[in-house]
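Report on the structure
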There are 2 protein chains.
Amino acid sequence: MTVLRRNMASRKNIWVDMRHIILYGLLLAILVFLLKWLQWKFLIADNATDIYIGLIAVFFTILGVWIATQLIKPKTQTLIVEKEVYVSCSDGFTMNEAELHKLNLSNREYDVLQLLTKGYSNAEIADNLCLSLSTIKTHVSNLLSKMDVKSRAQAIEKAKRLKITP
Amino acid sequence: MTVLRRNMASRKNIWVDMRHIILYGLLLAILVFLLKWLQWKFLIADNATDIYIGLIAVFFTILGVWIATQLIKPKTQTLIVEKEVYVSCSDGFTMNEAELHKLNLSNREYDVLQLLTKGYSNAEIADNLCLSLSTIKTHVSNLLSKMDVKSRAQAIEKAKRLKITP
DNA sequence: TTAATTTTCATACTTTAGTATGAATGCATT
DNA sequence: AATGCATTCATACTAAAGTATGAAAATTAA
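The structure contained in this document is the topic of the report that follows.

Criteria and thresholds
Residues numbered from 1 in each chain as written. Chains lettered and ligands numbered in written order. Predicted model: local features only at pLDDT ≥ 70, side-chain atom pairs only at ≥ 80, totals over all residues. Heavy atoms only, no water. Near = heavy atom within 4 Å. Polar contact = N/O pair within 3.5 Å; in protein donor to acceptor, adjacent residues only side chain to side chain. Helix = DSSP H or I, 4+ residues; strand = E, 2+ residues; numbered from the N terminus. Nonpolar A, V, L, I, M, F, W, Y, C, P; charged D, E, K, R; others polar.

As for the protein's contact with DNA strand C
Close to DNA strand C lie 17 residues, the nearest being Lys137, Ser141 and Arg152 of chain A together with Ser106 and Arg108 of chain B. Counting only the atoms of DNA strand C that lie within 4 Å of the protein, the sugar and phosphate share comes to 67%. Serine 106 of chain B places a polar side-chain atom, nitrogen or oxygen, 2.3 Å from a phosphate oxygen of DNA strand C. At a separation of 3.0 Å, a phosphate oxygen of DNA strand C approaches a polar side-chain atom of threonine 135 of chain B. Taken together, the elements giving at least two residues each to the surface near DNA strand C come down to α6 (133-147) of chain A together with α4 (107-116) and α6 (133-147) of chain B. Partitioning the surface near DNA strand C into residue classes produces three nonpolar, eleven polar and three charged.

Right, dumping it as structure tokens:
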């Protein structure tokens, strides 16, 4: 699993954009004029000073919040992507241990099964394992019983279907 | 390809945490005391009012920025993740037309081969195709010759290996 | 139409596969 | 030691597979 972190910020740095500075300056200028106007209009009394300061405090607090939001906006985004990868199965043989275990075959019986599923005759299996034909017949017969089939052909088909043999 | 967007903010909502509100209140109180002290200390002159307001403005602007950063901090992050999903081919049988053509089997012989590779006996094949046992024996015999094998077991193994039969 | 090929079937025979039974050996567990 | 299981082998028998040969009907190509 590979994790890619990618900066998705498309917005340019606002310090490069001078419009924000100009806007800030204008707001300050307007505020100064507003304050001067209020000063001459009401001839501020001592008991009105607290309200005056309160208004200024509220205004600049809001201004600060707005500036901060502007500063913070270029935030880095990262995405989680789930990608499907198709894996080609070249040969595609994966031993089915579970099914093999169910059959409860002995080691020798499995040896015989492996040769049997390669198309070997009883005589060939006997030669290959250095055993007598009788022994192979016995093993095959028990094998067919355990696999619940009636012929070596069915055994081959079933073994390959259950993937207990290459 | 599936895209998952996940909010990665681990920080809890600060409004739930009362400490910030208390801190804000304390700062305001301290500020008020400071202002009162300054008021009595310097007996503010008219020409000093601008400086006084300026200080307040700067202070509350900074305070606003600080509040905003605290509020906005849980910014949504999105991650880009590539997750490998392994897709196995269910049974992976793809007919090998080329190999089948090489064998030069007749239609009927191929019919027989298909049943033969399913583990059917000659008698079962005869029943299935509504033919006599003799006919099946003939077909199988010719089949084995054309496939260059010596038994039906080898025929099954070869047919499955060459992928000319499921 | 003729010729070649496929498909079908039969009979006789050989070979292989598969079953049944019994038995001897070795190995591990109880 | 006794038991159970795996392994080996043998004999006798039955069933199925596979071969060889011939032949007739159906289909396809020339």
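Having put the structure on the table, let's press on.
Things to note about the protein's contact with DNA strand D
Near DNA strand D lie 17 residues; those nearest to it are Ser106 and Arg108 of chain A together with Lys137, Ser141 and Arg152 of chain B. Counting only atoms of DNA strand D within 4 Å of the protein, the fraction found in sugar and phosphate groups is 70%. Interatomic distance of 3.0 Å between a side-chain N/O atom of histidine 139 of chain A and a phosphate oxygen of DNA strand D. In the environment of DNA strand D, a phosphate oxygen lies 3.3 Å from a nitrogen or oxygen atom belonging to the backbone of asparagine 122 of chain B. Breaking the surface near DNA strand D down by element, the ones donating at least two residues are α4 (107-116) and α6 of chain A together with α6 of chain B.

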